[in-house]
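# A look at the structure
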Amino acid sequence: YRDRRRFRVITDIKSYCASQDFTDVTKTDEILTEEDAAKEYIMLRLRLCRGLELKKLYSITPNAEKYLSRARGFIKAGFIEENGGYIRFTPKGFNVSNTLLSEILF
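Residues numbered from 1 in each chain as written. Predicted model: local features only at pLDDT ≥ 70, side-chain atom pairs only at ≥ 80, totals over all residues. Heavy atoms only, no water.

### What about the sheet that holds strand E3 (residues 52-53)?
Spelled out, the test is: For two strands to be treated as a pair, DSSP must find at least two bridges joining them. Every helix listed is a DSSP run of H or I at least four residues long, and every strand listed is a run of E at least two residues long, numbered separately from the N terminus.
With antiparallel pairing, three strands are arranged side by side in an open sheet as E3-E5-E4. Unpaired on one side and paired on the other, E3 and strand E4 (80-83) mark the two borders of the sheet. By the bridge criterion, four bridges tie E4 to strand E5 (residues 86-89) in an arrangement that is antiparallel. Within E5, the residue paired with Ile 80 across the bridge is Phe 89.

Right, dumping it as structure tokens:
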């Protein structure tokens, strides 16, 4: 994944090893929209121990407040915590993180 472009390399190991610059062995599978890239960023950052920096969230999507308003209910319920400009899953929240993410992002 780079610059909103998700790609993969070919599965033939001999062709891969013979490649000079690897551009000839990559295949673009998907180019993400800005909003899909933002959702993926949110999902991946929330799964980190440090969490998602709110300042960064506002810089990557005009829909930041929409996602935060959905997360606030989980903050009140103890599944997510806000601290030092970041939000992150609590230990209780990590156990159900996939469900929480689907509620926050979709």
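### Some remarks on the environment of Arg 70
Short version of the rule: When a residue's accessible area, from a 1.4 Å probe over protein chains only, is under 20% of the maximum for its type it is buried; when over 50% it is exposed; and in between it is partly exposed. Should any heavy atoms of two residues lie within 4.5 Å, those residues are counted as being in contact. For this analysis, a polar contact is any N or O atom pair within 3.5 Å, provided that within protein one partner can donate a hydrogen and the other can accept it, and provided that sequence-adjacent residues contribute only side-chain to side-chain pairs.
As for its position among the elements, Arg 70 is in helix H4 (residues 64-76). Judged by its relative accessible area of 30%, Arg 70 falls in the partly exposed class. Beyond its immediate sequence surroundings of up to four residues, Arg 70 is in contact with Glu 103, Ile 104, Leu 105 and Phe 106. Polar contacts involving the side chain of Arg 70 include one to the main-chain carbonyl oxygen of Ile 104, which spans 2.9 Å.

### Looking at the packing of aromatic side chains
As a reminder, the rule being used: Within 6.5 Å between ring centres, the rings of Phe, Tyr and Trp (the latter by its six-membered ring) count as paired, and their orientation is classed by plane angle as stacked under 30 degrees, edge-to-face over 60, tilted in between. Only lysine NZ and arginine CZ atoms are considered, and such an atom sits over a ring when it is within 6 Å of the ring centre and within 35 degrees of the ring normal.
For the coordinates displayed, the defined rule picks out one aromatic pair. The ring centre of Tyr 41 lies 5.7 Å from the NZ or CZ of Lys 56, which sits over that ring.

### So, the pattern of salt bridges
Operational definition: Whenever a carboxyl oxygen of Asp or Glu lies within 4 Å of a side-chain nitrogen of Lys or Arg, that contact is scored as a salt bridge.
All chains considered together, the criterion is met by three salt bridges. Residues Glu 34 and Arg 4 are paired through a salt bridge, measuring 4.0 Å at the closest nitrogen-oxygen approach. Residue Glu 34 is found in helix H2 (residues 34-46), and its partner Arg 4 is found in the segment before strand E1 (5-9); the two are separated by 30 residues along the sequence. Close ionic contact of Arg 72 with Glu 65 constitutes a salt bridge, the shortest N to O distance being 2.6 Å. Exposure remark for Glu 65: the relative accessible area of 36% places this residue in the partly exposed category.

### Brief notes about the side chain of Lys 39
With respect to the element layout, Lys 39 can be found in helix H2. The contact partners of Lys 39, leaving out residues within four places of it in the chain, are Tyr 67, Leu 105 and Phe 106.

### A look at the nonpolar core
Short version of the rule: Residues enter a nonpolar core if they are buried and are Ala, Val, Leu, Ile, Met, Phe, Trp, Tyr or Cys, with the set joined through side-chain atoms within 4.5 Å.
The biggest cluster of nonpolar side chains holds 17 residues, and the ones touching the most others in it are Ile 42, Leu 46, Ile 80, Ile 87 and Ile 104. Breaking this core down by element, the ones donating at least two residues are H2, helix H3 (54-60), H4, E5 and helix H6 (97-105). At five residues, H4 tops the list of elements feeding residues into this core. Leave out the neighbours within four places in its chain, and Ile 80 touches Ala 71, Phe 74, Ile 75, Ile 87, Arg 88, Phe 89, Thr 90 and Ile 104.

### Quick word on the environment of Thr 90
Its location among the elements puts Thr 90 in the loop between E5 and helix H5 (91-94). If we skip the residues at most four places from it in the chain, Thr 90 touches Gly 78, Phe 79, Ile 80 and Glu 81. In this structure the side chain of Thr 90 is engaged in a polar contact, spanning 2.7 Å, whose partner is the backbone oxygen of Gly 78.

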